[in-house]
Amino acid sequence: MSSRSIHVNYLARVEGEGGLQVTFTGDQVTNVQLRIFEPPRFFEAFLRGRMFSEAPDITARICGICPVAYQMSSVHAMEQALGISVTGPLRALRRLLYCGEWIESHALHVLMLHAPDFLGYPDAIAMAKDHPEIVERALKAKKAGNAIVARLGGREIHPINVRVGGFYKVPTRRDLATLQEELLRGRELALDVVRWTAGLPIPEFEQDYEFVALHHDEEYAMNEGHVISNRGLNILPTEYEDHFAEEHVPYSTALHSTHRGRGAYLVGPLARYALNHAQLSPLAKEAAREVGLGPVSRNPFQSIVVRSVEMLYAFDEALRIIADYEAPERPYIATEPHAGVGGACTEAPRGMLYHRYRLDEAGTIVDAKIVPPTSQNQKIIEDDVQQVAAQAAHWSDDALTLRCEQAVRNYDPCISCSTHFLKLTVERR
Amino acid sequence: MSKATKPKLSVWKFASCDGCQLSLLDCEEELLAIAEALEIAYFVEASRATVEGPYDLALVEGSITTPHDAERIKAVRRAAKYLVTIGACATAGGIQALRNFARIEEFVSVVYALPQYIETLSDSTPISAHVVVDFELRGCPVNKAQLLEVLTAFLAGRQPHVPTDSVCMECKRRGTVCVMVAQGTPCLGPVTHAGCGALCPAYSRGCYGCFGPAAMPNTAALTAEWRRQGVSGRDIRLALRTFNVGAEPFYRESERHEL
């Protein structure tokens, strides 16, 4: 029987180093491997023996694209271990910081990393020659998101202002009010991006996924809530490890996560949108309706539109937080270390991020566990590529490779994150 | 300038978080102008299209932690006229260099169930331990304005203007009240390389040394002051052992303070 194999040795426009191998026997796709060869980075080992207070700065270094996510999951896990709860304006400021990261990360992925696939460009710079306006708009939107992170966090990458219990220094009302104008403009640009992405040639493709995301009764969940799914899961973040397991596969330095008993599941914008759509702002909901996005999308190629809707929402939410903000009396809640275990999930731009720490009586980290979103999506990505490759089995190697890569980029995989966590190879046997 | 005569830029990643190369994509206003002045010939995080070397300039992010990467960096050096490292990983081994002071087998077994599948070196080393480096840009992450200065200097054929004095100097110029003197907050500013703009003190926290050691740092005098203010040997040791633990002045000083 004829065989064929497609190899992408080094996947482009993803964060980190990975590859993909797709093997055909005749017309049948017999194997798909998402290979992560990013060097192993051992963060859970480094954290042992460090102070609880160091976790936000150390874990931020797992990922330069979503450092805020690591800071948020770590501080919430520590606060759970130490029995403190951050509320009021401090809680609102954390949400504002996360809005900034969602905007910059989504704008980067939607326009710079993902959109070129739909229009057949190698990158956004080449795309900008024919579509200068939309690229410039997206860059401006990205800049506005980064402005939030820089104002509140001190700088865009690895912000310095987040600590267990709150912040080192909180902004005044006026500090934040000066962001308003740029965010209002950004919100207009985000609406343009939603409309533009909805007009892209989006491949027809659907799977029946188990969507997993945080859900909060009063808001589109970012920092807090229950972990729920469309198949009846409803647990506290602290129960995460009772329901999900990680396994080590030989071809990857990233661990694969599965639901114990049900297998692969999907985290990220599609899951959040499907489970929490009703809690989007009226403007974001209206934009989704206008471009024909239903309350649930099972097409991962449509994630580019969903990400744009989330970006629009994050602008709306940031503006709301700034309008309501009154500076708290103290920048953080002081805490004395004691022994304990704490776990938390927050919604990184690319999906749910779990941290768990055990502390001794002096507040030293005894052990740590971190499950990044891309580890959780790896199996789903392989499943998608298998289906996509099967549909396109008769295409040329070049066209097939491009489509498979696009299917991987649907998930905005962050490979740096998941080494403790891509390259495409198609093999035809 | 026609495409044929533009200098060719390449961007390379080793063990890292991608944050320093992302700084290039974070140049939202300058990015398209950079693409006008330079041919972005190899930048996998940004483009599927790659152009063969040789390259006029190679920006290198990340440290060397695997046998494969120790070979790959030599090929990058051969293909590049100028090689500039960006960030603490490439310049000092980064947070990954914490492994240099522990048994790597233990680290592997903490994270991975099947250690036999993991290929890694016992040390995380800076690029300069493997090949000649033309310029090292500090920071975890690098400062975007300094990165643009490096690119501009390269295009103009001059040395980058990147001050090597301490965060203390930036703090004074910024007019921030000293957090160590006024609040008793331990700060690494006096021994840390400038470049961040003295961010942490401006946010009421002590510098945590993410730009690595300044030129000729007096670490002993600083830690004596920390001790006087009541900081334990263990906390001094931890403070010096973060993103630039592989930089000799920080590591050597950390060894003087027991756990």
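Here the structure is a predicted model, which means the values were calculated and not measured.

Analysis parameters
- Residues numbered from 1 in each chain as written.
- Chains lettered and ligands numbered in written order.
- Predicted model: local features only at pLDDT ≥ 70, side-chain atom pairs only at ≥ 80, totals over all residues.
- Heavy atoms only, no water.
- Helix = DSSP H or I, 4+ residues; strand = E, 2+ residues; numbered from the N terminus.
- Rg over C-alpha atoms; globule rule 2.2 N^0.38 Å.
- Buried < 20%, exposed > 50% of the residue type's maximum accessible area, 1.4 Å probe, protein only.
- Contact = heavy atoms within 4.5 Å.
- Areas by Shrake-Rupley, 256 points an atom, 1.4 Å probe, with all protein chains shown as cover.
- Pairing = 2+ DSSP bridges.
- Axes fitted to C-alpha atoms, helices over the stretch in contact; angles between N-to-C directions.
- pLDDT = per-residue confidence, 0-100.
- Buried area = accessible area lost by both parts, 1.4 Å probe.
- Salt bridge = Lys/Arg side-chain N within 4 Å of Asp/Glu carboxyl O.
- Domains from an automatic or database assignment.
- Polar contact = N/O pair within 3.5 Å; in protein donor to acceptor, adjacent residues only side chain to side chain.
- Nonpolar A, V, L, I, M, F, W, Y, C, P; charged D, E, K, R; others polar.
- Parallel < 35°, antiparallel > 145°, perpendicular 65-115°, else oblique.
- Left-handed = near helix turned anticlockwise from the far one by under 90°.
- Phe/Tyr/Trp six-rings, centres within 6.5 Å; stacked < 30°, edge-to-face > 60°.
- Lys NZ or Arg CZ within 6 Å of the ring centre and 35° of its normal.

*Asks:* Before we go on, may I ask you to explain the overall build of chain B in this structure?
*Replies:* A count of helices and strands for chain B gives 12 helices and five strands. Here the C-alpha radius of gyration of chain B, 20 Å, is about what a compact globule of 259 residues would show, namely 18 Å. Dimensions along the principal axes, computed over C-alpha positions, put chain B at roughly 60 × 50 × 25 Å. Taken across its 259 residues, chain B has 59% of its residues classed as buried. A sequence separation of at least 24 residues applies to 71% of the contacts in chain B between residues at least 6 apart. Surface summary for chain B: the accessible area is close to 10,600 Å², and the carbon and sulfur share equals 55%.

*Asks:* Explain the sheet that holds strand β11 (residues 340-348) of chain A to me, please; I cannot follow it from the model alone.
*Replies:* All names here are of chain A. Across the sheet, which stays open at both edges, the three strands sit in the order β11-β12-β13 with antiparallel pairing between neighbours. A strand with exactly one partner marks an edge of an open sheet, and here the two such strands are β11 and β13 (365-371). Neighbour-to-neighbour, the strand axes of this sheet turn through a mean angle of 15°, independent of strand direction. Bridge count between strand β12 (residues 351-359) and β13: six bridges; the pairing is antiparallel.

*Asks:* How should I be thinking about unusual backbone geometry in this particular structure?
*Replies:* Trans is the prevailing form of peptide bonds, just as negative phi is the prevailing case for residues other than glycine. For the peptide bond that leads from Gly53 of chain B to Pro54 of chain B, omega is 0°, which places it in the cis range. Relative to the assigned elements, Pro54 of chain B resides in the loop between β2 (39-43) and β3 (55-61). The omega torsion of the bond from Cys140 of chain B to Pro141 of chain B falls at 5°, within 30 degrees of zero and hence cis. Relative to the helices and strands, Pro141 of chain B is located in the loop between β5 (135-137) and α6 (144-156). In the Ramachandran plot, His158 of chain A falls in the positive-phi region, its phi being about 50° despite a non-glycine side chain. Examined against the element boundaries, His158 of chain A turns out to sit in the loop between α6 (132-153) and β4 (162-163). Under the relative-accessibility criterion, His158 of chain A is labelled buried at 1%. Phi at Ser204 of chain B is positive, roughly 60°, even though this residue is not glycine. Counting through the fold element by element, Ser204 of chain B comes out in the loop between α9 (199-202) and α10 (219-228).

*Asks:* Would you explain the environment of Ile381 of chain A in this entry?
*Replies:* All names here are of chain A. Along the chain, Ile381 falls in helix α13 (residues 373-391). Separated by 26 residues in the primary sequence, Ile381 and His355 place their C-alpha atoms 22 Å from one another. Dropping the residues within four chain positions of it, Ile381 is found in contact with Leu34, Val408, Tyr411 and Pro413.

*Asks:* Sorry if this is basic, but what is going on with the side chain of Glu317 of chain A here?
*Replies:* Residue and element names in this part refer to chain A. Its location among the elements puts Glu317 in helix α12 (residues 303-324). We classify Glu317 as buried; its relative accessible area is 7%. Excluding residues that lie within four positions of it along the chain, Glu317 makes contacts with Arg95 and Cys99.

*Asks:* Would you take a moment to explain the confidence of the model for chain B for this structure?
*Replies:* Caution is warranted with low-pLDDT regions, since their predicted coordinates should not be read in detail. Averaged over all residues, the pLDDT of chain B equals 92, while 93% of them reach at least 70. With a pTM of 0.94, the predicted complex shows an ipTM of 0.94.

*Asks:* In this structure, what is going on with the interface of chain A and chain B? I would like to understand it.
*Replies:* Much of the literature gives interface size as the accessible area that the parts lose upon coming together. Tallying the contact residues gives 67 residues for chain A and 63 residues for chain B. Around 5,500 Å² of area is buried between chain A and chain B when both sides are counted, 64% of it from carbon and sulfur atoms. Counting the surface chain A buries against chain B, the share from its top three residues, Phe42, Phe46 and His248 of chain A, is 13%. There are six salt bridges connecting chain A and chain B. Two residues, Arg205 of chain B and Asp57 of chain A, come together in a salt bridge whose shortest N-O distance is 2.7 Å.

*Asks:* Can you walk me through the domain arrangement of chain B in this structure?
*Replies:* Residue and element names in this part refer to chain B. What the domain assignment lists for chain B is domain 1 (3-156) and domain 2 (167-255). On a C-alpha basis, the centres of domain 1 and domain 2 stand 26 Å from each other. Between domain 1 and domain 2, a total of about 1,100 Å² is buried, with carbon and sulfur atoms accounting for 63% of that surface. The tally of links from domain 1 across to domain 2 stands at zero salt bridges. In this structure, the connection of domain 1 to domain 2 is made through four residue pairs in polar contact (both at pLDDT 80 or more). Partitioned by chemical class, the residues of the side of domain 1 that touches domain 2 number eight nonpolar, four polar and one charged.

*Asks:* How should the packing of helix α4 (residues 88-119) of chain A against helix α14 (residues 397-409) of chain A be read in this particular structure?
*Replies:* A pair of packed helices is characterised by two quantities: the angle between their axes and the separation of those axes. Residue and element names in this part refer to chain A. At a minimum axis distance of 9 Å, the contact between α4 and α14 shows a crossing angle of 150°. In terms of orientation, α4 and α14 fall into the roughly antiparallel class. Relative to α14, α4 is oriented so that their crossing is left-handed. Only Leu402, Gln406 and Arg409 of α14 make contact with α4, whose side of the interface consists of His109, Leu113, His114, Asp117 and Phe118.

*Asks:* Teacher, can you tell me more about the sheet that holds β3 of chain B here?
*Replies:* In a beta sheet, neighbouring strands are held together by backbone hydrogen bonds and run either parallel or antiparallel to one another. Residue and element names in this part refer to chain B. One open sheet holds the five strands; their spatial order is β2-β1-β3-β4-β5, and the pairing between them is parallel. Here the strands that pair on one side only, and so sit at the sheet edges, are β2 and β5. Between one strand and the next, the sheet's axes are offset by a mean angle of 25°, whatever the strand orientation. In this sheet, β5 lies alongside strand β4 (residues 80-86) in parallel orientation, the contact comprising three bridges. Bridging across to β5, Ile86 finds its partner in Leu137. Here helix α3 (residues 67-79) sits on the sheet and contacts β1 (8-13), β3 and β4; the angle it forms with β4, its principal contact strand, is near 130°. Those strands touched by α6 are β1, β3, β4 and β5, and its axis lies near 160° from that of β3.

*Asks:* Can you help me understand the pairing of strand β10 (residues 256-259) of chain A in this one?
*Replies:* The two faces of the sheet receive side chains in turn, since in a regular strand these alternate between them. Residues and elements named next belong to chain A. Burial along β10 is two-sided: His256 and Thr258 facing one way and Ser257 and His259 facing the other are all buried. Both strand β9 (residues 244-247) and β10 contribute to a ladder of four bridges, which runs antiparallel. Bridging from a neighbouring strand, Glu246 pairs with Ser257 of β10.

*Asks:* Explanation requested: the packing of aromatic side chains in the structure shown.
*Replies:* In this description, a pair of aromatic rings is defined by centroid distance and the angle of the planes. In total, this model carries 14 aromatic pairs over all chains according to the counting rule given. Judged by centre distance (5.7 Å) and plane angle (75°), the rings of Phe43 of chain A and Phe46 of chain A are edge-to-face. Here the residue Phe43 of chain A and the residue Phe46 of chain A both occupy positions in helix α1 (residues 43-47), the gap between them amounting to three residues, near one helical turn. Relative to Phe154 of chain B, the ring of Tyr82 of chain B lies with its centre 5.8 Å away and its plane at 75°, an arrangement referred to as edge-to-face. Within this pair, whereas Tyr82 of chain B is found in strand β4, its partner Phe154 of chain B is found in helix α6, the two being separated by 72 residues in sequence. By relative accessible area, Tyr82 of chain B is classed as partly exposed at 40%. One aromatic cluster is present, built from ring pairs that chain together Tyr240, Phe244, Tyr265 and Tyr354 of chain A. Seen from the ring of Tyr332 of chain A, Arg163 of chain A lies directly overhead, with NZ or CZ sitting 3.5 Å from the centre.

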